[in-house]
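In case you want the letters, here they are:
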Amino acid sequence: MEIDLVGESLKFMVLGMMVVFVFLVILVQVMKLQAKIINKLFPEKAPEVGTTSNSATQGSEHVAAIIAAVTEFRKK
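Since the model is a prediction, treat every value here as computed from it, not as a measurement.

Asker: Would you mind going over the overall build of the chain in detail, with residue names and values included?
Answerer: A count of helices and strands for the chain gives 2 helices and 0 strands. The 76 residues of the chain split such that 0% are buried. Summed over its atoms, the accessible surface of the chain is roughly 7,600 Å², and 72% of this surface lies on carbon and sulfur atoms.

Right, dumping it as structure tokens:
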């Protein structure tokens, strides 16, 4: 009788693992399909050529502000 219970438990374990595996495969496929649909409806815009110099200037401004903040914090 105990061997029958072990066999039944192994069947349920394999069935449960297969259900989870199939669910995850379906989930991955749905997410890929969703990404394709979103990219088709809302394509990414290419960055403009003139914005690269502005982003470099903004980056250096951010660095200068961070250095100033750290310097003020260390004074106190």
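Asker: Any chance you could break down the pattern of salt bridges for me, citing the residues and the numbers?
Answerer: Throughout the structure, instances matching the rule amount to 2 salt bridges. The partner of glutamate 8 in a salt bridge is lysine 11, and the shortest N-O contact between them spans 3.8 Å. Here lysine 11 and glutamate 8 lie together in helix α1 (residues 2–41), a separation of 3 residues that amounts to about one turn. A residue is classified by how much of its surface remains accessible, and glutamate 8, at 34% relative accessible area, is partly exposed. Overall, lysine 11 belongs to the exposed group, its relative accessible area being 57%. Between glutamate 72 and lysine 75 there is a salt bridge; the shortest N-O distance is 3.4 Å. Taken as a pair, glutamate 72 and lysine 75 lie in helix α2 (residues 51–75) at a separation of 3 residues, close to a single helical turn.

Asker: Provide a residue-level description of a nonpolar patch on the surface, including the pertinent values.
Answerer: Together, Val6, Leu10, Met13, Val14, Met17 and Met18 line one region of the surface with nonpolar side chains, adding up to about 580 Å² of accessible area. Turning to its location among the elements, methionine 18 is positioned in helix α1.

Calculation rules
Residues numbered from 1 in each chain as written. Predicted model: local features only at pLDDT ≥ 70, side-chain atom pairs only at ≥ 80, totals over all residues. Heavy atoms only, no water. Helix = DSSP H or I, 4+ residues; strand = E, 2+ residues; numbered from the N terminus. Buried < 20%, exposed > 50% of the residue type's maximum accessible area, 1.4 Å probe, protein only. Areas by Shrake-Rupley, 256 points an atom, 1.4 Å probe, with all protein chains shown as cover. Salt bridge = Lys/Arg side-chain N within 4 Å of Asp/Glu carboxyl O. Patch = residues over 30% accessible without salt bridge, like charges linked within 9 Å, V, L, I, M, F, W, Y side chains within 5 Å.

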